[in-house]
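Results of the structural survey
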Amino acid sequence: MGQKMAWEEMKKAYPDEWLLITDCERDQFGNLKAGVVERHSQDDKEVFALPSVDKDCAFRYTGECRFPGGLRAHVQNYNI
């Protein structure tokens, strides 16, 4: 198993990459604070398509949101 890292450390270590994170720690609002990076790639299909891990996990992107108007606008436009 990898070393637990803070979210800010993950963003610096894996810029503009998709991450599969386990052993997550969250703040009182549910935001990711720390965890263990199990997989990472610039190609989201590589992170999502591999066999799943048998534990709670989170997927995050360390780069800037590329949706016009941000992720919230994307979600509202597509009723997600």
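Residues numbered from 1 in each chain as written. Predicted model: local features only at pLDDT ≥ 70, side-chain atom pairs only at ≥ 80, totals over all residues. Heavy atoms only, no water.

**Thoughts on the overall build of the chain**
Scanning the chain from terminus to terminus reveals three helices and four strands. If you list the helices and strands of the chain from N to C, you get β-α-β-β-α-β-α. With 80 residues in all, the chain has 29% of them scored as buried. Across the chain, the fraction of contacts at a sequence separation of at least 24, relative to all contacts at a separation of at least 6, is 57%. Carbon and sulfur atoms make up 48% of the accessible area of the chain, which amounts to about 6,000 Å² in all. (Helix = DSSP H or I, 4+ residues; strand = E, 2+ residues; numbered from the N terminus. Buried < 20%, exposed > 50% of the residue type's maximum accessible area, 1.4 Å probe, protein only. Contact = heavy atoms within 4.5 Å. Areas by Shrake-Rupley, 256 points an atom, 1.4 Å probe, with all protein chains shown as cover.)

**So, the nonpolar core**
Residues Met5, Trp7, Met10, Tyr14, Leu19, Ile21, Leu32 and Val37 constitute the largest nonpolar core, which totals eight residues. Only helix H1 (7-13), strand E2 (18-26) and strand E3 (32-41) provide two or more residues apiece to this core. (Core = buried A, V, L, I, M, F, W, Y, C linked by side-chain atoms within 4.5 Å.)

**Here's the deal with the sheet that holds E3**
The four strands lie next to each other as E1-E3-E2-E4, forming an open sheet whose pairing is antiparallel. The sheet terminates laterally at strand E1 (4-6) and strand E4 (57-61), the two strands that pair on one side only. For this sheet, the mean inter-axis angle between neighbouring strands, taken without regard to orientation, is 50°. Pairing geometry for E2 and E3, over seven bridges, is antiparallel. Across the sheet, Arg26 pairs through a bridge with Leu32, a residue of E3. (Pairing = 2+ DSSP bridges. Axes fitted to C-alpha atoms, helices over the stretch in contact; angles between N-to-C directions.)

**Details of unusual backbone geometry**
Positioned with a positive phi, Asp16 is a non-glycine residue whose angle comes to about 55°. Structurally, Asp16 is set in the loop between H1 and E2.

**Topic: the environment of Met5**
Within the element layout of this structure, Met5 appears in strand E1. Between the alpha carbons of Met5 and Ala34 there is a distance of 5.4 Å; along the sequence they are 29 residues apart. Apart from the residues lying within four places of it in its own chain, the contact partners of Met5 are Met10, Ala13, Tyr14, Lys33, Ala34, Gly35 and Val37.

**So, the pattern of salt bridges**
This structure, assessed with the given rule, holds four salt bridges. We note a salt bridge from Glu8 to Lys11, for which the minimum N-O separation is 3.2 Å. Pair noted here: Glu8 and Lys11 are both in helix H1, with a separation of three residues, about one helical turn. Here Glu8 falls in the partly exposed class, since its relative accessible area comes to 47%. (Salt bridge = Lys/Arg side-chain N within 4 Å of Asp/Glu carboxyl O.)

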